[in-house]
Amino acid sequence: MQRHGPGTTVAPRLRATGFLLLVAHLLIVGWLMLRPRTVPWVPAANLTPLASINAELARGGWPAVWHLGGPVLLLAPLGVLLPLVGGRLNVSPLASMARTVFGGAMISLTIELLQSGVPGQVPDVDAVLLNTLGVALAHLLVVPGARCRLRRRDERLGGATPRISRVGLAPQADVFSAGRTYF
């Protein structure tokens, strides 16, 4: 098991809040994307990458922005919630981005695969691309700054344990994490 030093993880309450928000968001997305629709007909599934994106861009204007912006924003909160649930502060930005984007892509792919069995829902490979783009953009815009701010706050609050001078020992309350426990 990997050991984390002092100040390398987010507070447990913040991680728990992130987990609850992640579950709530995924439940809402699942309800929106996996409920059956009663429609007279549905188009065929789009398995050609960028085909529906090009068709929407050809329409131009606000309809294109609306139809392309929806999938981008649908899973964008995962770009923040997945790293928050992970809770690591001192991590490579590139590794964090890769893990988050991969997780977002897998969740998006799972939703699209499940849609293939739901009446009235049409799977679209471009939705996976747009959802993944939204996860990546949200991660890039929020996570590096938030981690930097949390690391600075941790340093300001004194992340290191105070030591007794000339001896180098920590106070007893820090030795036993459950308070003053004597064996």
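Here the residue index of a chain counts from 1 through its sequence in written order. In keeping with the model being predicted, local features are shown solely for residues with a pLDDT of at least 70 and side-chain atom pairs are shown and tallied solely at 80 or more, while totals for entire chains, interfaces and linings include all residues. Note that the side-chain values use all heavy atoms of the structure and ignore hydrogens as well as water.

**Describing the packing of aromatic side chains**
Now for step 1: Centre distance within 6.5 Å is the pairing criterion for rings of Phe, Tyr and Trp, where only the six-membered ring of Trp is used; planes under 30 degrees apart are then read as stacked, over 60 as edge-to-face, and the remainder as tilted. Throughout the structure, instances matching the rule amount to zero aromatic pairs.
Now for step 2: Each ring is checked for a lysine NZ or an arginine CZ that lies within 6 Å of its centre and within 35 degrees of its normal; such an atom marks a charge sitting over the ring. Note that Arg35 overlies the ring of Trp31, its terminal NZ or CZ placed 4.6 Å from the centroid.

**A short note on a nonpolar patch on the surface**
Now for step 1: On the surface, Phe19, Leu20, Val23 and Leu27 cluster together into a nonpolar patch covering about 410 Å² of accessible area.
Now for step 2: Helix and strand assignments come from DSSP, with helices taken as H or I runs of at least 4 residues and strands as E runs of at least 2, each series counted from the N terminus. Within the secondary structure, Val23 sits in helix α1 (residues 12–34). The patches described consist of residues with a relative accessible area above 30% and no salt bridge, like charges being joined within 9 Å and nonpolar side chains (Val, Leu, Ile, Met, Phe, Trp, Tyr) within 5 Å. Only the protein chains shown count as cover for residues, and the accessible areas themselves come from Shrake-Rupley with a 1.4 Å probe. By definition here, a salt bridge exists when the distance from a side-chain nitrogen of Lys or Arg to a carboxyl oxygen of Asp or Glu is within 4 Å.

**Remarks on a positive patch on the surface**
Now for step 1: Positive charges are assigned to Lys and Arg, negative charges to Asp and Glu, while His and the chain termini are left out of the count. Note that the charge is assigned to NZ on lysines, CZ on arginines, CG on aspartates and CD on glutamates. A surface patch of like charges, here positive, comprises Arg149, Arg152, Arg153 and Arg156.
Now for step 2: Of note, Arg153 is situated in helix α6 (residues 125–156).

**Describing unusual backbone geometry**
Now for step 1: Unusually for a residue other than glycine, Leu50 sits at a positive phi of about 70 degrees.
Now for step 2: Mapping Leu50 onto the fold places it in the loop between α1 and α2 (51–59).

**Let's talk about the pattern of salt bridges**
Pairs can form between side chains of opposite charge once their charged atoms are near each other.
Now for step 1: Evaluated as defined, the whole model comprises one salt bridge.
Now for step 2: Here Arg59 and Glu56 are joined by a salt bridge, their closest N and O atoms 3.4 Å apart. With a gap of three residues between them, Arg59 and Glu56 both fall in helix α2, about one helical turn apart.
Now for step 3: Each residue is placed in one exposure class: buried if its accessible area under a 1.4 Å probe, protein chains only, is under 20% of its type's maximum, exposed if it is over 50%, and partly exposed if it falls in between. For Glu56, a relative accessible area of 15% translates into the label buried.

**Focus on the nonpolar core**
Now for step 1: Judged by nonpolar contacts, Leu22, Val29, Met33, Leu74, Leu75, Leu78, Leu81, Ile111 and Val135 together constitute the single largest core of nine residues.
Now for step 2: Going through the elements one at a time, α1 and α4 (78–86) are the ones with two or more residues in this core.
Now for step 3: Top element by residues in this core is α1. It accounts for three residues.
Now for step 4: Throughout, a residue-residue contact means that at least one pair of heavy atoms, one from each residue, lies within 4.5 Å. Setting aside residues no more than four positions away along its own chain, Leu78 makes contact with Leu22, His25, Leu26, Pro83, Thr100, Ile107 and Val135. Throughout, nonpolar core names a set of buried Ala, Val, Leu, Ile, Met, Phe, Trp, Tyr and Cys residues whose side chains join them through atoms within 4.5 Å.

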